[in-house]
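The chain contents come next:
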Amino acid sequence: MPKRWEVYPGKSQVLFSGRCISAKNLSVFYLTLALIVISSCLFLAFDCRLLAVTLSPSVPVLAAVQFIFVLCCLLRTTFSDPGIIPRGTPDEAAWIESQLEGPQVDRDGNYRPPVRLKDVQISGRVFKLKYCFTCKLWRPPRASHCSTCDNCVDRFDHHCPWVGNCVGRRNYRYFYLFLISLSVYCLYVMVFGIVNLVLLAFFSIWSVVGLGGFHTMLICRETSTNEDIKGSFNQRRHPDLINPFDQGNGLANCCYVLFGPVTPSLLNFREDEIGLGSSISLVTNNGRNGTASAAAASTAVTATPAVRYSNLTRNNNDATSNSVGHVNNSVQVISESLPAQLPGDGNDVIVKNGNGTPADGVISGGTDTVGAQNSNTQSASSVHCIV
Amino acid sequence: MSSSKPLPNSYSATILPPANKAFVPRDYSHGTELRFSTELPAKLQGRIPEEVFTAVIGNINQLLIAAETGSASVYLESCFACLTGYLAYLCMETQYEKCLRSVSRLVEEYNRTVFGPRNLSMIDPSERGLRVIEIVLLRP
């Protein structure tokens, strides 16, 4: 004896031995399901990691609860009977159809289809009931025949391909709750996705924006970070000090700092070293020149805390052509700032090579010792004071 | 029905209604509520007194209308089911199902007391999709 689901005549798909029923074509439903499941998994796997720690572990828990509720409503809508009215038995059909005015042909030979409407008064309003020839029944008010599923469905709403079933009396509430819960869930995921993004970018945003703002302020005041930290031009600490570099106007300061003249690099690293001149290494306390000179170095250092060369080599050409003059200037500067007594013979400044050995010549007065070229590969070991 | 032209295939004038069955149709005059017509079918004339028949159908109607009436317990039951994601419906029976079961029990009772002695048999309307109440004439 076959079960009723095995002899079901409609176009719906019966699943799980009659426990579920849905439309035949479920492809759009699978899309709906995939969209919901994939985006939920991505949200729970990635966004919730930060949110659970930063905000509260209830964020992913609530998301999971909503996700399950949405799925329950969706599955109920898809796989439950929407309110299909079972087809009339053949006996019933025969009884009803015998009562209907059959097809008639009138005097003119025109074929009139059988009358299959009957009027019903519901609360004073006339409804026309139709006889469904496919389902062999008088369709109740508000019922309608779905051509996709080939069934009459009570309180027929519509056939929804997204859900893969008709929406009728029995599953309308699940359909509606699915829509509402999915809307709420979408909003929830969107809000917390944005929160996640803000949290991730929070520190970077505030650090970079803050720093950018700080430097904008410095530029407008024509102050460097160092000066700001030290409070060199801080009006509150030194009220009588003004910033002499301030052009008076924030905009003018900005223009000068950002769009003012660009100084070229003075290092000229790409030029040949030969134009650099002898490495005048003052015996200082950097210790690389050996312990013998250390004692001497210390006195030199204390005597000459700062030595300034004025452009030892502006460029090669200058070095070779004007070297004497330049060296003279340099020497004069040195001699002015050096103590009377220097280590070595008299007032001679001992020119040392880069490797610490004395050079061929000695600078004293105007002696040209630039010609004494040193291989200055070990410039790192001697001290060049370049400002 | 007389016609000089052939009838379309979907209709057959030769199908006769079954002689041993009477059908009580749905009564939609009060809307979509579950109600059957209390009018005595022609085939049952003389087999059963009209007032008995009316009372029987009336009682069945009462139970069916109660099944579709919303009451506080029904609303609570639905809210509870909603909160469980409708998983509760997998374990419990709804009010409507309970009412339909009581209708089945009533029909059995009537078959025993009212229809059986008159050689009639009433088929539970749930078996007929709540479209009609079928009454089988066991003996012509």
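Per an unreviewed UniProt entry, chain B goes by the name Ras modification protein ERF4 and belongs to Macrostomum lignano. UniProt, in the comment section headed Subunit (unreviewed entry), describes chain B in these words: "Interacts with ERF2."

If you check an unreviewed UniProt entry, chain A appears there as Palmitoyltransferase from Macrostomum lignano. Under the heading Catalytic activity (unreviewed entry), UniProt records this for chain A: "L-cysteinyl-[protein] + hexadecanoyl-CoA = S-hexadecanoyl-L-cysteinyl-[protein] + CoA". A UniProt comment under Subcellular location (unreviewed entry) is attached to chain A, and it reads "Endomembrane system".

1. Topic: the overall build of chain B
Looking only at helices and strands, chain B features three helices and three strands. Along chain B, helices and strands appear, N-terminal first, in the series β-α-α-α-β-β. Per-residue burial for chain B yields a buried fraction of 39% across its 140 residues. Of the accessible surface of chain B, which amounts to about 7,800 Å², a share of 56% is contributed by carbon and sulfur atoms.

2. Quick look at the overall build of chain A
If you tally the helices and strands in chain A, you get nine helices and 13 strands. Relative to its 387 residues, chain A shows a buried fraction of 34%. Sequence-distant contacts, at least 24 apart, represent 54% of the contacts inside chain A between residues at least 6 apart. In the form shown here, chain A has an accessible surface area of approximately 23,700 Å², with 61% of it arising from carbon and sulfur atoms.

3. Details of the sheet that holds strand S2 (residues 120–123) of chain B
All names here are of chain B. Ordered by their spatial adjacency, three strands build an open sheet running S1-S3-S2, and the pairing between neighbours is antiparallel. If you trace the sheet from one side to the other, it starts and ends with strand S1 (21–25) and S2, each paired once. In this sheet, neighbouring strand axes are inclined to one another by 20 degrees on average, regardless of whether the strands run parallel or antiparallel. With five bridges joining them, S1 and strand S3 (residues 132–137) adopt antiparallel strand pairing.

4. Some words on the confidence of the model for chain B
Of the residues in chain B, 89% reach a pLDDT of 70 or more, and the chain-wide mean stands at 86. Predicted complex metrics record ipTM = 0.85 and pTM = 0.65.

5. Points about a nonpolar patch on the surface
On the surface, a cluster of nonpolar side chains totalling about 1,000 Å² of accessible area is made up of Leu187(A), Met190(A), Val191(A), Ile194(A), Val198(A), Phe202(A), Phe203(A), Ile205(A), Trp206(A) and Val209(A). For Met190(A), the location among the structural elements is in helix H4 (residues 172–221).

6. Considerations on the environment of Ile96(A)
Residues and elements named next belong to chain A. Tracing the sequence through the fold places Ile-96 in helix H3 (residues 90–99). Accessibility expressed as a relative area gives 4% for Ile-96, which makes it buried. A sequence separation of 35 residues divides Ile-96 from Tyr-131, and the C-alpha atoms of the two residues are 8.8 Å apart. With residues near it in sequence (within four places) discarded, Ile-96 still touches Tyr-131, Lys-136, Leu-137 and Trp-138.

7. Details of the pattern of salt bridges
Tallied over the entire structure, the rule returns 14 salt bridges over all chains. One salt bridge in this structure joins Arg221(A) and Asp228(A), with 2.8 Å as the shortest N-O distance. Residue Arg112(B) is joined to Glu109(B) by a salt bridge in which the shortest nitrogen-to-oxygen separation is 3.7 Å. Here the residue Arg112(B) and the residue Glu109(B) both occupy positions in helix H3 (residues 95–115), the gap between them amounting to three residues, near one helical turn. A single network of salt bridges, built from pairs that share partners, joins Asp91(A), Lys21(B), Arg128(B) and Glu134(B).

8. Structural notes on the UniProt feature "transmembrane region" (unreviewed entry) in chain A
All names here are of chain A. Within this numbering scheme, the UniProt entry marks residues 28–46, 58–79, 174–195 and 201–220 as carrying the feature "transmembrane region" (unreviewed entry). Secondary structure within residues 58–79 divides into 100% helix and 0% strand; the distance between the first and last C-alpha atoms comes to 31 Å. Split by type, residues 174–195 is 100% helix and 0% strand. Its first and last C-alpha atoms lie 31 Å apart.

9. Some points on the sheet that holds strand S7 (residues 137–138) of chain A
Residue and element names in this part refer to chain A. Across the sheet, which stays open at both edges, the three strands sit in the order S5-S6-S7 with antiparallel pairing between neighbours. Edge positions in the sheet fall to strand S5 (117–122) and S7, since each has one partner strand and no second. The pairing of strand S6 (residues 125–132) with S7 spans two bridges and is antiparallel. Paired with Cys-132 across the bridge in S7 is Leu-137.

10. Quick word on the interface of chain B and chain A
Contacts between chain B and chain A engage 32 residues on the former and 36 residues on the latter. There are four salt bridges connecting chain B and chain A. Arg169(A) is the salt-bridge partner of Glu68(B), the closest N and O atoms lying 2.5 Å from each other. Linking chain B with chain A are seven residue pairs in polar contact (both at pLDDT 80 or more). When contributions to the side of chain B that touches chain A are tallied by element, the ones reaching two or more residues are S1, helix H2 (72–83) and S3 of chain B. Counting residues per element, the side of chain B that touches chain A draws most heavily on S1(B), at three residues. For the side of chain B that touches chain A, a count of residues per class yields 17 nonpolar, eight polar and seven charged.

11. Here's the deal with the side chain of Asp124(B)
Within the secondary structure, Asp124(B) sits in the loop between S2 and S3. An unpaired buried charge is present at Asp124(B): no salt bridge exists, and Arg4(A), the closest side chain of opposite charge, is 9.1 Å distant. Not counting residues within four places of it along the chain, the set of residues in contact with Asp124(B) comprises Val103(B), Ser104(B) and Val107(B).

Parameters at a glance
Residues numbered from 1 in each chain as written. Chains lettered and ligands numbered in written order. Predicted model: local features only at pLDDT ≥ 70, side-chain atom pairs only at ≥ 80, totals over all residues. Heavy atoms only, no water. UniProt positions renumbered as here; feature names shortened; annotations may be inferred. Helix = DSSP H or I, 4+ residues; strand = E, 2+ residues; numbered from the N terminus. Buried < 20%, exposed > 50% of the residue type's maximum accessible area, 1.4 Å probe, protein only. Areas by Shrake-Rupley, 256 points an atom, 1.4 Å probe, with all protein chains shown as cover. Contact = heavy atoms within 4.5 Å. Pairing = 2+ DSSP bridges. Axes fitted to C-alpha atoms, helices over the stretch in contact; angles between N-to-C directions. pLDDT = per-residue confidence, 0-100. Patch = residues over 30% accessible without salt bridge, like charges linked within 9 Å, V, L, I, M, F, W, Y side chains within 5 Å. Salt bridge = Lys/Arg side-chain N within 4 Å of Asp/Glu carboxyl O. Polar contact = N/O pair within 3.5 Å; in protein donor to acceptor, adjacent residues only side chain to side chain. Nonpolar A, V, L, I, M, F, W, Y, C, P; charged D, E, K, R; others polar. Lys, Arg positive; Asp, Glu negative; His and termini not counted.

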